[in-house]
Amino acid sequence: MNQNLNSRIEEYGLEVFGIKKPFDAQYRFLKSQKKNVLFCGGRGAGKTTMGVLKLLLTALDPRCAGKALAILAPTYRQLVKIHEKMLQSYFQEFERNAGWSLLKRHRRADHIYELVNGAEIWCQSFERVERVRGMSLASAYIDELSSAGGDGPWYTFQVIGASVRDTGNAPCQIFLSHTPRGFKGVTKLFV
């Protein structure tokens, strides 16, 4: 079923999620297979839109069937008001346009979305990054890492990065989106 699922989604294109044709930078971010991928851009550049979509498309990859992936936002409020709402809109648009649902079950209290291929998308803030420690994730999307408080973005990235582990043949990718604030934090890490 997973191979059939991916070919059917490719047949629909990104429009099935309510997404217009991505800009070149967005498209490069979506298609990148590198272990760590950063989408750096200004406000309104579609970073979060592409990050949540990339995680959803990664979760639908047959190699991620039955695996856990994570969306990590700076605060709980942002997670619920922005990231989860965006993910839910993709599910709704897909069902409306394709006629069938990608979502098998939503465990609201745990902020976990189980997909039809058995992959789970765990939504978590990194305000208290220690909660991420010990997770085994096939891939993770981290938004605005430079806003990490506590021990800062480097420490937060290390904790999350250690949770993205080789879980068989899954992609094992970390992708980030970030608004640059000079040559420091995440920008410095990637440059």
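Just so it is clear, the model here is predicted, and its values are computed rather than measured.

A.B. asks: Got a minute to help me understand the overall build of the protein chain in this structure?
C.D. replies: Helices and strands together make up the secondary structure of the protein chain, namely 6 helices and 7 strands. In sequence order, the secondary structure elements of the protein chain are arranged as α-α-β-α-β-α-β-β-β-β-α-β-α. For the protein chain, the residues scored as buried account for 51% of the 191 residues in total. Taking the contacts inside the protein chain whose residues are at least 6 apart along the sequence as the reference set, 70% of them involve residues at least 24 apart.

A.B. asks: Can you help me understand the packing of aromatic side chains in this one?
C.D. replies: Each aromatic ring pair is characterised by the separation of its centres together with the angle its planes make. Counted under the stated rule, the structure contains 7 aromatic pairs. On the basis of an interplanar angle of 35 degrees and a centroid distance of 5.5 Å, the ring pair of F17 and F94 is categorised as tilted. Of this pair, F17 sits in the loop between α1 (2-12) and α2 (24-31) while F94 sits in helix α4 (residues 76-98), and the two are 77 residues apart along the sequence. An aromatic cluster is present here, built from F17, Y90, F94 and W100 joined pairwise through their rings. Lying across the ring of F29, K54 places its NZ or CZ 5.9 Å from the centre. Taking NZ or CZ as reference, K54 lies 5.1 Å from the ring centre of F175, over its face.

A.B. asks: Please explain the side chain of E144 as it appears in this structure.
C.D. replies: Along the chain, E144 falls in the loop between β6 (139-143) and α5 (153-163). One buried charged side chain, E144, makes no salt bridge at all; its nearest oppositely charged neighbour is K47, positioned 4.2 Å away. Apart from the residues lying within four places of it in its own chain, the contact partners of E144 are K47, P74, F126, S177, H178 and T179.

A.B. asks: What is the right way to look at the pairing of strand β2 (residues 68-73) in this model?
C.D. replies: Two faces, one strand: in a regular strand the side chains alternate between the faces of the sheet. Within β2, 6 of the 6 residues are buried, which leaves the element mostly enclosed by the surrounding structure. Across the two faces of β2 the burial is the same, with A68, A70 and L72 and L69, I71 and A73 all buried. One ladder, built from 6 bridges, connects β2 with strand β5 (residues 120-125); its direction is parallel. Bridge pairing in β5 places L72 opposite Q124.

A.B. asks: Help me understand the confidence of the model for the protein chain, please; the structure alone is not making it clear to me.
C.D. replies: Any region with low pLDDT has predicted coordinates that should not be read closely. Of all residues in the protein chain, 86% attain a pLDDT of 70 or more, and the chain-wide mean is 84. Averaged pLDDT values for the elements of the protein chain fall to 55 in α1 and rise to 96 in strand β4 (residues 112-115).

A.B. asks: Is there a simple way to think about α2 in this case?
C.D. replies: Among the residues of α2, Q26, F29 and L30 are the ones counted as buried. Seen along its axis, α2 keeps its buried residues to an arc of 100 degrees; they face one direction. Facing away from the buried side of α2 by over 90 degrees, the exposed positions are D24, R28 and K31. Turning to α2, the residues buried within the fold contact β1 (36-40), α3 (47-59) and β7 (173-178).

A.B. asks: What should I look at first to understand the nonpolar core in this one?
C.D. replies: For soluble globular proteins, the rule of thumb is that nonpolar side chains tend to be buried together. Ranked by internal contacts, the top residues of the largest apolar core, which has 37 residues, are F17, L56, I71, L87 and I121. Going through the elements one at a time, α2, β1, α3, β2, α4, β4 and β5 are the ones with two or more residues in this core. Ranked by the residues each element gives to this core, the list is headed by α4, at 7 residues. Those residues in contact with L56 that sit more than four places away from it in its chain are F17, L87, Y90, F91, L115 and I121. Core analysis: the next-biggest nonpolar cluster, separate from the first, contains 19 residues, L72, V164, I174 and L176 among them.

A.B. asks: What is the right way to read the sheet that holds β7 from this model?
C.D. replies: As a general point, the strands of a sheet are linked pairwise by backbone hydrogen bonds and lie either parallel or antiparallel. Taken together, the 7 strands give an open sheet; going across it, the order is β1-β7-β6-β2-β5-β4-β3, and neighbouring strands pair in mixed fashion. Every interior strand has two partners, whereas the edge strands, β1 and β3 (103-107), have only one. When the angles between neighbouring strand axes are averaged without regard to direction, this sheet yields 15 degrees. Relative to β7, β6 is paired through 5 bridges, and the arrangement is parallel. Paired with D143 across the strands is S177, a residue of β7. Along the sheet face, α2 touches β1 and β7 and points at about 165 degrees away from the line of β1. Across the sheet, α4 is in contact with β2, β3, β4, β5 and β6; its angle to β5 comes to roughly 155 degrees.

About the thresholds
Residues numbered from 1 in each chain as written. Predicted model: local features only at pLDDT ≥ 70, side-chain atom pairs only at ≥ 80, totals over all residues. Heavy atoms only, no water. Helix = DSSP H or I, 4+ residues; strand = E, 2+ residues; numbered from the N terminus. Buried < 20%, exposed > 50% of the residue type's maximum accessible area, 1.4 Å probe, protein only. Contact = heavy atoms within 4.5 Å. Phe/Tyr/Trp six-rings, centres within 6.5 Å; stacked < 30°, edge-to-face > 60°. Lys NZ or Arg CZ within 6 Å of the ring centre and 35° of its normal. Lys, Arg positive; Asp, Glu negative; His and termini not counted. Salt bridge = Lys/Arg side-chain N within 4 Å of Asp/Glu carboxyl O. Pairing = 2+ DSSP bridges. pLDDT = per-residue confidence, 0-100. Arc of directions from axis to C-beta. Core = buried A, V, L, I, M, F, W, Y, C linked by side-chain atoms within 4.5 Å. Axes fitted to C-alpha atoms, helices over the stretch in contact; angles between N-to-C directions.

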